[in-house]
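# Coordinate inspection notes
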Amino acid sequence: MIKIRKMQKDDIEAIATIHLDSWQATYANQLPVEYIEQYTLERRARMWSNIYATSVETVYVAEKDNEVVGFINYGPSFTNQDNHDLKELRSIYVAPSMVNQGIGRQLIATISDELKSTGCKELVLYVLSTHHQGQKFYAKLGFKPTGHEATEIFHDHTITDLEMKLTFDRH
């Protein structure tokens, strides 16, 4: 059985490990090798320590048998920080050995319920343009492409993320 709870300080190493392992498994054939390899376990652990310390983002973990097997985090929109009706899903990752077990759906449902209860109207995310499996996953949960893109140049590669948005019912 999967239990969803808020992140605790002692979850940092597990989250960093899942982030790294899932990142490498998911994007191995979609991003340049050098881009993937720049994100080390040490760098991910430092990032999650900072996220925990600042409390700007909300982080939930999924546990199975008292072991962290996935996580999700959201915060203010990077592109529209003054809009309190809009939040941004920053990341969602599940341990590669635990994918396709409904954990991602549970994590999204948890934050969606929380955001709706606070009056938030929309949740936006960015997904790699070549990550078709991720796009299908989000679409099944009600996210719709907005037509907006974010691009980054890494060496001679252009990396494009597509924006998708989930609008919460007003009921």
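Let us look at the structure shown here. Computed from a predicted model, the values in this text were never measured in an experiment.

### Brief notes about the overall build of the protein
What the protein contains, in helices and strands, is five helices and seven strands. In the protein, the succession of helices and strands from N to C terminus is β-α-α-α-β-β-β-α-β-α-β-β. The C-alpha atoms of the protein give a radius of gyration of 16 Å, which matches the 16 Å a tight globule of 171 residues would have. Its C-alpha atoms give the protein principal-axis dimensions of roughly 45 × 40 × 30 Å. The buried share of the protein, taken over its 171 residues, is 43%. The contacts of the protein with a sequence gap of at least 6 include a subset with a gap of at least 24, amounting to 62%. Counting only carbon and sulfur atoms, one obtains 48% of the accessible surface of the protein, whose full area is about 9800 Å².

### Some points on the packing of aromatic side chains
In the structure shown here, the tally under the stated rule is nine aromatic pairs. Aromatic side chains Tyr35 and Phe154 sit 4.9 Å apart centroid to centroid with 85 degrees between the ring planes, which places their arrangement in the edge-to-face category. Placement of Tyr35 in helix α2 (residues 33-37) and of Phe154 in strand β6 (residues 144-154) is noted, with a sequence separation of 119 residues between them. We classify Phe154 as buried; its relative accessible area is 12%. Three or more aromatic residues joined by ring pairs make a cluster, and in this case those are Trp23, Tyr27, Tyr35, Tyr39 and Phe154. The positively charged end of Arg44 is found above the aromatic ring belonging to Trp23, 4.8 Å away from the centroid.

### Section: the side chain of Glu88
Structurally, Glu88 is set in strand β4 (residues 86-94). For the buried Glu88, no salt bridge exists, and the shortest N-O distance to an oppositely charged side chain is 4.0 Å, to Arg90. Those residues in contact with Glu88, other than ones at most four positions away along the chain, are Asn73, Tyr74, Gly75, Pro76, Ser77, Phe78, Thr79, Leu123, Val124 and Tyr126.

### Comments concerning the environment of Thr17
Its location among the elements puts Thr17 in helix α1 (residues 12-27). Taking the C-alpha atoms as reference, Thr17 lies 7.9 Å from Ala45; in sequence the two are 28 residues apart. A distance of 2.9 Å separates a polar side-chain atom of Thr17 from the backbone oxygen of Glu13.

### As for helix α3 (residues 41-54)
Taking 1.5 Å per residue, 14 residues should reach 20 Å; α3 reaches 20 Å between its end C-alpha atoms and fits that length. Contact partners of the buried residues in α3: α1, β2 (58-64), β3 (67-76) and β4. The first or second residue beyond α3 is Ser55, which carries a positive phi of 60 degrees.

### Focus: the pairing of strand β7 (residues 157-167)
Bridge analysis of strand β5 (residues 122-128) against β7 gives seven bridges, and the strand direction is antiparallel. What sits directly across from Leu128, in β7, is Asp161. One ladder, built from eight bridges, connects β6 with β7; its direction is antiparallel. Its bridge partner being in β7, Ile153 is matched across the sheet by Thr158. Count of turn residues in the β6/β7 antiparallel hairpin: two residues, of which His155 carries a positive phi of about 55 degrees.

Thresholds, definitions, all that
- Residues numbered from 1 in each chain as written.
- Predicted model: local features only at pLDDT ≥ 70, side-chain atom pairs only at ≥ 80, totals over all residues.
- Heavy atoms only, no water.
- Helix = DSSP H or I, 4+ residues; strand = E, 2+ residues; numbered from the N terminus.
- Rg over C-alpha atoms; globule rule 2.2 N^0.38 Å.
- Buried < 20%, exposed > 50% of the residue type's maximum accessible area, 1.4 Å probe, protein only.
- Contact = heavy atoms within 4.5 Å.
- Areas by Shrake-Rupley, 256 points an atom, 1.4 Å probe, with all protein chains shown as cover.
- Phe/Tyr/Trp six-rings, centres within 6.5 Å; stacked < 30°, edge-to-face > 60°.
- Lys NZ or Arg CZ within 6 Å of the ring centre and 35° of its normal.
- Lys, Arg positive; Asp, Glu negative; His and termini not counted.
- Salt bridge = Lys/Arg side-chain N within 4 Å of Asp/Glu carboxyl O.
- Polar contact = N/O pair within 3.5 Å; in protein donor to acceptor, adjacent residues only side chain to side chain.
- Expected span 1.5 Å × (residues − 1).
- Pairing = 2+ DSSP bridges.

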